[in-house]
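# Structural features, examined
Here is how the chains run, residue by residue.
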Amino acid sequence: MKIDPWAATQYSDYTKLKQEFGIEDIDISSLPNPNKLLRRGVVFGQRGFSSILDALKKKKKFAIMTGLVPSGPMHIGHKLVIDQVIYFQSLGAEVFIAVADIEAYAVRNINFKLGEKIAIDDYIVNYIALGLKNENCQIYFQSKRKEVKDLGIELARKTNLSEMKAIYGFADDTNIGHLFSPLIQVGDILHVQLEKFGGPKPTIVPVGVDQDPHIRLTRELAFSTRLYNVLETKDGIGIFVKGEEEDVEKLLNKAEEKALSLGFKNLKKIPTYRALYITDGKKEDIKNIDEELINLEFELGYYGFYLPSATYNRFMTGLTGDKMSSSKPETCIFLNEKTETAIKKVKGCKTGGGTSIEEQRKYGGKPEQCIVFELLLYHFIEDDNELEEIFKECKNGDLLCGRCKEIACDRVKNFLNEMNEKREIAKEKINEYVVED
Ligand code: TRP
Ligand code: SF4
């Protein structure tokens with residue numbers, strides 16, 4: 001199985017995806033007021049999320065980063081990621097949002113002027129209307145941020161064509177802009193940890209699972225910039241100076257100072273192995289030690305990047321049952337859509353109802369396979385009890401699809417009307433969010 005970020009594939013077997021790609025379960029028990037996507041399992045997995053939990057626990061700074069491709073209009077599938085951004089912003093995350101105008105140009109042939117217009121008039125206005133705050137938040141353009149491009153160019157040295165083909169399935173006729181766009185995204189995700197942007201910090205990237213190849217590449221390239229590697233060994237922990245580094249003795253001495261300052265006592269330095277062994281260190285200490293080493297690397301003038309973390313959300317099914325896509329308007333509800341057309345689409349949705357009213361009364365419906373229910377679950381019903389009530393009444397045949405669609409249409413209508421009003425206010429606030437590079 002291959003995940004292709006640019007293909008119109010519908011993923012359905014999340015358990016298999018997890019197993020195959022090593023995506024882990026997400027434990028939300030220590031998150032304050034988790035939003036409905038987290039509570040309801042729409043966010044189904046994570047990589048490296050423990051760094052974020054750790055930052056929250058220790059009240060340390062952390063960032064959330066995402067990007068938007070300004071090609072088609074924003075729909076409710078795109079809303080999932082920004083809902084996550086708004087939630088983590090409420091927990092104190094610093095927010096960075098890339099307008100992926102280089103990607104839009106390279107992959108979708110959207111010129112930079114048009115990309116800017118779509119980003120501002122549609123996505124950014126919607127983000128603000130949805131509740132994104134301007135404090136500690138910056139929206140920038142890939143094409144205008146030198147640090148992003150420089151980092152992409154530098155880290156490009158650490159990957160090669162066969163790896164890019166293996167990850168992305170690029171073919172010989174792939175244009176070089178497209179080939180390079182993942183490195184720009186690597187630059188997006190890691191530049192937030194540069195000194196100019198506040199230095200090393202845990203960073204969470206909430207994505208649809210289609211973006212996982214970018215996450216894996218970014219984590220690999222972030223690791224490639226590290227001087228040290230901390231591993232569990234058979235009798236404790238080992239800090240190893242990585243192969244490219246030459247001044248091994250000096251680096252081991254520096255690491256030793258850090259280990260001592262953390263209170264470890266049984267240290268053994270073996271320069272020929274490029275190693276410092278901590279025999280009184282345990283597996284649970286790895287995180288703290290690595291964090292100290294990240295700080296050390298940064299003090300020494302290196303990057304000291306944390307490997308970025310990611311959360312993965314399920315895709316929304318399109319209203320027709322296919323993949324939701326801007327290029328097929330019948331599959332989605334746009335955030336700036338007229339209420340009449342939106343209602344028409346909801347009324348036409350595939351449901352999990354029986355073939356006749358009698359049958360549905362008798363056997364109940366299948367909310368698990370119902371797109372109307374999915375709309376309510378992902379977006380339009382906040383209250384868990386209310387949602388559960390609908391689920392139960394559907395299951396036992398008390399609630400019929402006609403009535404249920406009325407509820408959904410009502411919610412959709414209110415949401416779109418509210419967005420319309422909020423967008424008018426949001427339009428005046430764009431430059432509180434978009435930074436000039
Ligand atoms: N490639 C992403 C998409 O297709 C957009 C993107 C660009 C992005 N830079 C990013 C997403 C950084 C997350 C982080 O949606
Ligand atoms: Fe879906 Fe509602 Fe019909 Fe149940 S009653 S199948 S949830 S539309």
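Please refer to the structure higher up on the page.
The sections below set out a description of the structure shown in this document. (Residues numbered from 1 in each chain as written. Chains lettered and ligands numbered in written order. Predicted model: local features only at pLDDT ≥ 70, side-chain atom pairs only at ≥ 80, totals over all residues. Heavy atoms only, no water.)

### Digging into the site of ligand 1
Residues in close proximity to ligand 1 include Met65, Thr66, Gly67, Val69, Ala100, Glu103, Gln142, Gln185, Asp188, Ile189, Val205 and Gln211, which together make up its full environment. For ligand 1, a nitrogen atom lies 2.8 Å from a polar atom in the side chain of Gln185. Its free accessible area being 370 Å², ligand 1 has 88% of it covered by the protein chains. Contributions of two or more residues to the shell around ligand 1 are made by strand 2 (63-68) and helix 9 (176-191). Of the residues contributing to the shell around ligand 1, the split by class is five nonpolar, five polar and two charged. (Near = heavy atom within 4 Å. Polar contact = N/O pair within 3.5 Å; in protein donor to acceptor, adjacent residues only side chain to side chain. Areas by Shrake-Rupley, 256 points an atom, 1.4 Å probe, with all protein chains shown as cover. Helix = DSSP H or I, 4+ residues; strand = E, 2+ residues; numbered from the N terminus. Nonpolar A, V, L, I, M, F, W, Y, C, P; charged D, E, K, R; others polar.)

### What to know about the site of ligand 2
Every residue close to ligand 2 is listed here: Thr351, Gly352, Gly353, Gln360, Cys370, Val372, Phe373, Cys394, Leu399, Leu400, Cys401 and Cys404. A majority-of-atoms criterion places ligand 2 in the largest cavity. Broken down by secondary-structure element, the contributors of at least two residues to the shell around ligand 2 are helix 15 (371-380) and helix 17 (401-427). Here the residues of the shell around ligand 2 sort into eight nonpolar, four polar and no charged. (1 Å grid on protein atoms, 1.4 Å probe; cavity = no way out; pocket = protein on both sides within 12 Å on 5 of 7 lines; lining within 4 Å. Sits in = over half its atoms within 2 Å of the grid points.)

### Section: the sheet that holds strand 10 (residues 309-313)
The strand order across the open sheet built from six strands is 1-10-5-2-3-4, with neighbouring strands paired in mixed fashion. Of all strands in the sheet, those with a lone pairing partner are strand 1 (43-47) and strand 4 (137-141), marking the two edges. Sheet twist, expressed as the mean angle between neighbouring strand axes with direction ignored, is 25°. Taken together, the five bridges between strand 3 (residues 94-99) and strand 4 define a ladder with parallel strand orientation. Directly across from Val99, in strand 4, lies its bridge partner Phe141. (Pairing = 2+ DSSP bridges. Axes fitted to C-alpha atoms, helices over the stretch in contact; angles between N-to-C directions.)

### Describing empty space enclosed by the protein
Enumeration over the complete set of coordinates arrives at two cavities of 30 Å³ or more. Its boundaries defined by the atoms lining it, the largest cavity holds a volume of some 110 Å³. In this structure, the largest cavity is lined by 17 residues; those nearest its centre are Thr351, Cys370, Cys394, Cys401 and Cys404. Sorting the residues of the lining of the largest cavity by element identifies helix 15, helix 16 (384-395) and helix 17 as the ones contributing at least two each. For the lining of the largest cavity, the element with the most residues is helix 17, which contributes three residues. Here the residues of the lining of the largest cavity sort into 10 nonpolar, five polar and two charged. Empty space within the second largest cavity amounts to approximately 30 Å³. Around the second largest cavity, the lining residues are Ile239, Ala255, Lys258, Ala259, Leu262, Ile278, Ile289, Glu292 and Leu293. At the level of secondary structure, the elements contributing two or more residues to the lining of the second largest cavity comprise helix 11 (248-261) and helix 12 (286-299). Classifying every residue of the lining of the second largest cavity by side-chain character gives seven nonpolar, no polar and two charged. (Points joined across faces, edges and corners; volume = space filled by probe spheres on them.)

### A short note on the environment of Asn431
Within the secondary structure, Asn431 sits in the segment after helix 17. Taking C-alpha positions, Asn431 is 35 Å from Arg40, a pair spaced 391 residues apart along the chain.

### Observations regarding the packing of aromatic side chains
Within the structure shown, the criterion is met by 12 aromatic pairs. Summarising the aromatic geometry, the rings of Tyr168 and Phe170 are spaced 5.2 Å apart at their centres and angled 20° between planes, so their arrangement reads as stacked. Through successive ring pairs, a cluster of aromatic residues spans Tyr14, Phe44 and Tyr312. Here Lys242 stacks its cationic end above the ring of Phe223, 3.8 Å away from the centre of that ring. (Phe/Tyr/Trp six-rings, centres within 6.5 Å; stacked < 30°, edge-to-face > 60°. Lys NZ or Arg CZ within 6 Å of the ring centre and 35° of its normal.)

### With respect to the sheet that holds strand 9 (residues 275-278)
Taken in spatial order, the four strands of this open sheet run 6-7-9-8, and their pairing is antiparallel. Among the strands making up the open sheet, the edge pair consists of strand 6 (228-233) and strand 8 (267-270). Shown here is a sheet whose adjacent strand axes are inclined to one another by a mean of 20°, direction ignored. With four bridges connecting them, strand 7 (residues 236-241) and strand 9 associate as antiparallel partners. Within strand 9, the residue paired with Gly238 across the bridge is Tyr277. In this fold helix 11 packs onto strand 6, strand 7, strand 8 and strand 9, with an angle of close to 175° to the strand it touches most, strand 8. Of the strands in this sheet, strand 6, strand 7 and strand 9 touch helix 12, which is tilted by about 165° from strand 6. (Contact = heavy atoms within 4.5 Å.)

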